[in-house]
Amino acid sequence: MMSTRSPHLRFGLAIAALAFFLDQLAKWVVTVPLSLETKPYGSIELVSFFNLTWAQNYGISLSMFSGQSPTTRWIIVAVTAIVATAVAIWMAREKAKGDVIALALILGGALGNIVDRVRLGYVVDYADLHFGSFRPFMIFNVADACITIGVLLLVARALLLGEKAPAADGQPSAE
């Protein structure tokens, strides 16, 4: 019987742990040493197109499903934990190293945001990329960036590296 465990699981877990650690470290820096929420306008300009801007995200993706009530907060935590568990199971079984990397980024990011929501009741967001008044993204954090990059990697790999369906004779089709 062939093993269903990913040969890249340890590598993936290390990437997930690194993503989680970097997310929590960045959030600690903006909340403790920088005390970003106490700055005038809750913002520090780093360069002309990037600020550290304090935001408390009570929702999920693009602040949807705001979880300011305790019930909504814990529903969001539960749903996010279920998704993180599914990603972890997928990563543990995935054979393609590129997909394991993508899944690890998603897992590490999801865990970082879950910890915030459990500990604080909201997710700490601070990364404010802008070009003048144009903001291509909502204010985000390292966890959000990891999740987005992971999803984009999975989509790109699926579109660009998708396996060809086998032909009737068992050989890959020549489409």
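Residues numbered from 1 in each chain as written. Predicted model: local features only at pLDDT ≥ 70, side-chain atom pairs only at ≥ 80, totals over all residues. Heavy atoms only, no water.

*Asks:* Explain the overall build of the protein to me, using residue names and the numbers behind them.
*Replies:* In terms of helices and strands, the protein carries 4 helices and 3 strands. Each of the 175 residues in the protein was classed as buried or not, and the buried ones make up 34%. A separation of at least 24 residues holds for 63% of the contacts in the protein among residues at least 6 apart in sequence. (Helix = DSSP H or I, 4+ residues; strand = E, 2+ residues; numbered from the N terminus. Buried < 20%, exposed > 50% of the residue type's maximum accessible area, 1.4 Å probe, protein only. Contact = heavy atoms within 4.5 Å.)

*Asks:* How would you sum up the sheet that holds strand S2 (residues 50-57)? Please name residues and give values.
*Replies:* As summarised here, the arrangement of the 3 strands in space is S1-S2-S3, forming an open sheet in which the pairing is antiparallel. At either margin of the open sheet sits one strand with a lone partner, and together these are strand S1 (43-47) and strand S3 (123-129). This sheet shows a mean twist of 30° between the axes of neighbouring strands, independent of strand direction. As paired elements, S2 and S3 share 6 bridges and run antiparallel to each other. Bridged to Leu52 within S3 is Ala127. (Pairing = 2+ DSSP bridges. Axes fitted to C-alpha atoms, helices over the stretch in contact; angles between N-to-C directions.)

*Asks:* Tell me about the environment of His8, and name the residues and values.
*Replies:* By secondary structure assignment, the location of His8 is in the segment before helix H1 (9-31). With 92 residues separating them in the primary sequence, His8 and Val100 have C-alpha atoms 6.9 Å apart. When residues no more than four places from it in sequence are discounted, the contact partners of His8 are Lys95, Ala96, Lys97 and Val100.

*Asks:* Outline the side chain of Arg117, listing residues and values.
*Replies:* Summarising the element assignment, Arg117 is placed in helix H3 (residues 97-120). Although Arg117 is buried, it makes no salt bridge; Asp144 carries the closest opposite charge, 7.6 Å away. Among all residues touching Arg117, those that are not within four sequence positions of it are Asn57, Tyr58, Gly59, Ile60, Arg73, Ile76, Val77, Tyr122 and Val123. (Lys, Arg positive; Asp, Glu negative; His and termini not counted. Salt bridge = Lys/Arg side-chain N within 4 Å of Asp/Glu carboxyl O.)

*Asks:* Break down the packing of H3 against helix H4 (residues 142-161) for me, citing the residues and quoting the values.
*Replies:* The contact between H3 and H4 brings their axes to 7 Å, and the two run at 155°. Looking at the two axes, H3 sits roughly antiparallel to H4. As for the relative orientation of H3 and H4, their crossing is left-handed in sense. Packed against H3, whose contacting residues are Gly98, Asp99, Ala102, Leu103, Leu105, Ile106, Gly109, Ala110 and Asn113, the element H4 presents Ala143, Asp144, Cys146, Ile147, Ile149, Gly150, Val151, Leu153, Leu154 and Arg157 at the interface. Looking at side-chain class alone, the contact of H3 with H4 contains 12 nonpolar, 4 polar and 3 charged residues. (Parallel < 35°, antiparallel > 145°, perpendicular 65-115°, else oblique. Left-handed = near helix turned anticlockwise from the far one by under 90°. Nonpolar A, V, L, I, M, F, W, Y, C, P; charged D, E, K, R; others polar.)

*Asks:* Talk me through the pattern of salt bridges; I want residue IDs and the actual numbers.
*Replies:* For the structure shown, the criterion picks out 4 salt bridges. The residue Asp23 makes a salt bridge to Lys27 at a minimum N-O spacing of 2.8 Å. You can see Asp23 and its partner Lys27 sitting in helix H1, 4 residues apart, about one turn around the helix. One salt bridge connects Arg157 with Asp99, and the closest N-O pair in it is separated by 2.7 Å. One end of the pair, Arg157, is in helix H4; the other, Asp99, is in helix H3, with 58 residues separating them in the sequence. Assessed through its relative accessible area of 26%, Arg157 is described here as partly exposed. Judged by relative accessible area, Asp99 falls into the buried class, the value being 15%.

*Asks:* Help me get a handle on the side chain of Gln24, residues and values and all.
*Replies:* Looking at the element boundaries, Gln24 is found in helix H1. Accessibility expressed as a relative area gives 17% for Gln24, which makes it buried. What Gln24 contacts, discounting residues up to four positions off in sequence, is Gly112, Val115, Asp116 and Arg119.

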